[in-house]
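Understanding the architecture of this molecule
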Amino acid sequence: MKTYLRIAIQKSGRLQEGSIDLLKESGLTISNGRGQLKTQALNFPVEILFLRDDDIPQYIEDRVADIGIVGENIFVEKNKNTTLIKRLDFAKCRLSIAVPKSLDYHGLSSLQGKNIATSYPVIVRKYLKANNIEAGIHEISGSVEIAPGIGLADAICDIVSTGSTLLSNGLKEVEIVMQSEAIMIGGAELTQEKQEILDRLLFRLEAVNSAKNNKYILLNCPNDAIEKITSVIPGMKSPTIMPLSKKNWSSLHSVVNENDFWEKIDQLKSFGAEGILVIPIEKMIQ
Ligand code: ATP
Ligand code: MG
């Protein structure tokens, strides 16, 4: 019987699109008929299970799924027998404590003896304990941000990305409890066949993510600037240099990282680079 690696992803919600996109960019053809619970990639030995994100760590612990994609917040909260395999660089958010705007907040001690509504009781309890605060925890599964307004709690701890939901509910963010992003998690040791499939998938994910973080750069420069420019954008091994028909000038091709992109462009210009073109890279294999 053919071996498949079973991947659990969110059925619908904030992680679903990013998870499917990542698998598709890794070259997997997935027929995702709406409402389906399970599907197979047509050209890669994986089976995809569509589940509620909260349930994914348990399914992995129970070995129903081999790996899964969840928010780090869920990974920490559920605290199952799972391990972090890879950070996936999307669905970035934070888990924060927020209080009514009108509350005169002066540090965590303001929460002493208060009631906090959250869907993350494990994380919040641990955080309060580490900070020596005693507060009540009121666990609710959704619409946490309305809890103070309806008198259910004095404060909340919930996912924040821009803060606009908090604002429209008359709340202000006062403490960041943890940062989160989508991560790939796994469970017990895989069979050799499954591990090989996972390694192939991870290799592809790496190529997709490094491509996203890098750009292909082409520029023209006087020959006497080549050395300086190469030290700024060394590329994967070294830049490609091609002579221009204009005497003593070259075209230089390399790769530049997204993070310090603008800083490097400024340096290149100061070294005499001209006609700089920057092009997205689809896949990058180191
Ligand atoms: P499910 O029905 O699967 O239980 P859910 O309602 O619990 O879904 P979502 O709101 O879809 O969960 O969020 C899933 C995950 O996406 C969260 O656990 C968090 O890691 C991340 N996330 C949530 N909100 C945001 C946001 N505004 N920006 C970025 N990431 C977010
Ligand atoms: Mg959920």
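Only a predicted model underlies this, so the values are computations on that prediction, with no experimental measurement involved. (Residues numbered from 1 in each chain as written. Chains lettered and ligands numbered in written order. Predicted model: local features only at pLDDT ≥ 70, side-chain atom pairs only at ≥ 80, totals over all residues. Heavy atoms only, no water.)

1. Concerning the site of ligand 1
The environment of ligand 1 is made up of 17 residues, and the closest members are Arg-14, Arg-52, Asp-53, Asp-54 and Asn-73. With respect to ligand 1, the side chain of Asp-54 contributes an N or O atom lying 2.6 Å from an oxygen atom. When ligand 1 is considered free in solution it has 640 Å² of accessible area, and contact with the protein chains removes 76% of it. In the shell around ligand 1, the residues fall into six nonpolar, six polar and five charged. Counting contributing residues, the shell around ligand 1 receives three or more from each of domain 1 (5–90 + 182–211) and domain 2 (93–180). (Near = heavy atom within 4 Å. Polar contact = N/O pair within 3.5 Å; in protein donor to acceptor, adjacent residues only side chain to side chain. Areas by Shrake-Rupley, 256 points an atom, 1.4 Å probe, with all protein chains shown as cover. Nonpolar A, V, L, I, M, F, W, Y, C, P; charged D, E, K, R; others polar. Domains from an automatic or database assignment.)

2. Here we look at the sheet that holds strand 15 (residues 274–280)
Ordered in space as 13-14-12-15, the four strands form an open sheet in which the pairing is antiparallel. At either margin of the open sheet sits one strand with a lone partner, and together these are strand 13 (240–243) and strand 15. The sheet shows a mean angle of 20° between the axes of neighbouring strands, taken without regard to direction. Along the sheet face, helix 8 (residues 261–270) touches strand 12 (214–222), strand 14 (249–257) and strand 15 and points at about 155° away from the line of strand 15. (Pairing = 2+ DSSP bridges. Helix = DSSP H or I, 4+ residues; strand = E, 2+ residues; numbered from the N terminus. Axes fitted to C-alpha atoms, helices over the stretch in contact; angles between N-to-C directions. Contact = heavy atoms within 4.5 Å.)

3. Remarks on the domain arrangement of the chain
Partitioning the chain into structural domains gives domain 1 (5–90 + 182–211), domain 2 (93–180) and domain 3 (213–280). The straight-line distance from the C-alpha centre of domain 1 to that of domain 3 is 38 Å.

4. Section: the sheet that holds strand 9 (residues 155–160)
Here we have five strands laid out as an open sheet, ordered 8-7-9-6-10, and mixed in their pairing. At either margin of the open sheet sits one strand with a lone partner, and together these are strand 8 (136–139) and strand 10 (171–180). In this sheet, adjacent strand axes meet at a mean angle of 25° when their direction is disregarded. Pairing analysis gives eight bridges linking strand 6 (residues 93–100) to strand 10, with the strands arranged antiparallel. Each bridged residue has a counterpart across the sheet, and for Pro-100 the counterpart in strand 10 is Leu-171.

5. Quick word on the packing of helix 1 (residues 16–25) against helix 6 (residues 192–213)
In the contact formed by helix 1 and helix 6, the axes pass within 9 Å of each other and the chain directions differ by 100°. Relative to helix 6, the element helix 1 is oriented roughly perpendicular. Contacts between helix 1 and helix 6 involve Leu-22, Leu-23 and Glu-25 from the former and Leu-201, Leu-205, Val-208, Asn-209 and Lys-212 from the latter. (Parallel < 35°, antiparallel > 145°, perpendicular 65-115°, else oblique.)

6. So, the coordination of the magnesium ion (ligand 2)
Note on the magnesium ion (ligand 2): its protein donors are Asp-53 (OD) and Asp-54 (OD). The metal-donor distances range over 2.0 to 2.1 Å. Its relative accessible area of 16% is what places Asp-53 among the buried residues. On the basis of relative accessible area, Asp-54 is assigned to the partly exposed category, the value being 25%. (Donors = N, O, S within 2.8 Å, 3.2 Å for Na, K, Ca; no water. Buried < 20%, exposed > 50% of the residue type's maximum accessible area, 1.4 Å probe, protein only.)

7. Comments concerning the nonpolar core
Core analysis: the biggest nonpolar cluster contains 28 residues, and Val-70, Leu-111 and Cys-157 have the highest contact counts within it. Elements represented by at least two residues in this core include exactly strand 3 (46–51), helix 2 (56–61), helix 3 (72–78), strand 6, helix 4 (121–130), strand 9, strand 10 and strand 11 (182–186). For this core, the element with the highest residue contribution is helix 4, accounting for four residues. Shared between two domains, this core takes at least three residues from each, and those domains are domain 1 (5–90 + 182–211) and domain 2 (93–180). (Core = buried A, V, L, I, M, F, W, Y, C linked by side-chain atoms within 4.5 Å.)

8. Describing the packing of aromatic side chains
Enumeration over the complete set of coordinates arrives at one aromatic pair. With centroids separated by 5.0 Å and ring planes inclined at 80°, the aromatic side chains of Phe-261 and Trp-262 adopt a geometry described as edge-to-face. Phe-261 sits in the buried class, given a relative accessible area of 10%. When its relative accessible area of 62% is taken as the criterion, Trp-262 is described as exposed. (Phe/Tyr/Trp six-rings, centres within 6.5 Å; stacked < 30°, edge-to-face > 60°.)

9. Side note on the pairing of strand 6
The element strand 6 is extensively covered by neighbouring structure, given that seven of its eight residues are classed as buried. Sheet topology note: the strand 6/strand 9 ladder contains five bridges and is antiparallel. Bridged to Ile-97 within strand 9 is Cys-157.

10. Description of a nonpolar patch on the surface
A contiguous nonpolar patch, built from Ile-146, Ile-150 and Leu-152 and spanning about 260 Å² of accessible area, is present on the exposed surface. Inspection of the secondary structure assignment puts Leu-152 in the loop between strand 8 and strand 9. A relative accessible area of 33% places Leu-152 in the partly exposed class. (Patch = residues over 30% accessible without salt bridge, like charges linked within 9 Å, V, L, I, M, F, W, Y side chains within 5 Å. Salt bridge = Lys/Arg side-chain N within 4 Å of Asp/Glu carboxyl O.)

11. Here's the deal with helix 4
Residues of helix 4 that are buried include every one of Pro-121, Ile-123, Val-124, Tyr-127 and Leu-128, and no others. One face of helix 4 carries all of its buried residues, which in axial projection span an arc of 165°. Exposed and facing more than 90 degrees away from the buried side of helix 4 are Lys-126, Lys-129 and Ala-130. In this structure, the buried residues of helix 4 make contact with helix 3, strand 6, strand 7 (115–118), strand 8, strand 9 and strand 10. Of the residues one or two after helix 4, Asn-132 is the one with positive phi, at around 55°. (Arc of directions from axis to C-beta.)

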